[in-house]
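# Architecture at a glance
These are the residues of each chain, in order.
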Amino acid sequence: MNAKEKEFARLISEHKETIYTICLMNAADQDEAQDIMQEVLINLWRSLNSYRGECNIRTWIWRISTNTCITYYRKEKKQRETLKLDVQDLLKVDDEDNRQIQMLHNRVYRLRPFDRAVVLLWMENLSYEEIGQILGISAKNVSVRLFRIKEQLRQMSNPEN
């Protein structure tokens, strides 16, 4: 294994949970999340030589992962039925927590891909500046988008909708 391959393996080992979480939040089910993750890994490998260190490596991984998810979603424009995820075994949560996680996933999945990315980054407790840097928008734009997304999610939780 050459130096580039070792560096890539180390990078993936350190950030695989983050990458998988991004993919899972953008996928209809775990199988699709794994497919997307393969695309992300390919894109990370292809882009490794172009990483110049101008931003944090985590930011760079988020950007590539998020953009890959958005691109994957655009390729799959046909309407897909959302399948229930069996995350209880993964997360070791009780039934009530599992139900809430499922509801959150279903609502977030109904958002547009870019909005999903904003929510996911926000849920990871990244600052508006970091989110903006990853997505290529201003921190103010992040703030406005989050406000609108929260309104959408509130409307989805309203039983009348």
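The structure we're discussing is the one just above.
## Looking at the overall build of the chain
- The helix and strand inventory of the chain stands at eight helices and zero strands.
- Going residue by residue from the N terminus, the α and β elements of the chain occur as α-α-α-α-α-α-α-α.
- Looking at the chain as a whole, 39% of its 161 residues are labelled buried.

## Focus on the pattern of salt bridges
- Scanning all chains against the criterion turns up seven salt bridges.
- Glu7 is the salt-bridge partner of Arg10, the closest N and O atoms lying 2.5 Å from each other. Of this pair, Arg10 and Glu7 are both found in helix H1 (residues 3-25), three residues apart, which corresponds to roughly one turn of the helix.
- Of the charged contacts, one joins Asp115 and Arg145 as a salt bridge, the two residues approaching to 3.4 Å between their closest N and O atoms. Within this pair, whereas Asp115 is found in helix H6 (residues 113-123), its partner Arg145 is found in helix H8 (residues 139-157), the two being separated by 30 residues in sequence.
- With relative accessibility at 25%, the residue Arg145 sits in the partly exposed group.

## Digging into the packing of H1 against helix H3 (residues 57-75)
- Running from N to C, H1 and H3 cross one another at 40 degrees; their axes reach a closest spacing of 10 Å. Considering their axes alone, H1 and H3 lie oblique with respect to each other. As for how H1 packs across H3, the hand of that crossing is right-handed. Residues Leu11, His15, Thr18, Ile19, Ile22 and Cys23 of H1 pack against Ile57, Arg58, Ile61, Trp62, Ser65, Thr66 and Cys69 of H3.

Criteria and thresholds
Residues numbered from 1 in each chain as written. Predicted model: local features only at pLDDT ≥ 70, side-chain atom pairs only at ≥ 80, totals over all residues. Heavy atoms only, no water. Helix = DSSP H or I, 4+ residues; strand = E, 2+ residues; numbered from the N terminus. Buried < 20%, exposed > 50% of the residue type's maximum accessible area, 1.4 Å probe, protein only. Salt bridge = Lys/Arg side-chain N within 4 Å of Asp/Glu carboxyl O. Axes fitted to C-alpha atoms, helices over the stretch in contact; angles between N-to-C directions. Parallel < 35°, antiparallel > 145°, perpendicular 65-115°, else oblique. Left-handed = near helix turned anticlockwise from the far one by under 90°. Contact = heavy atoms within 4.5 Å.

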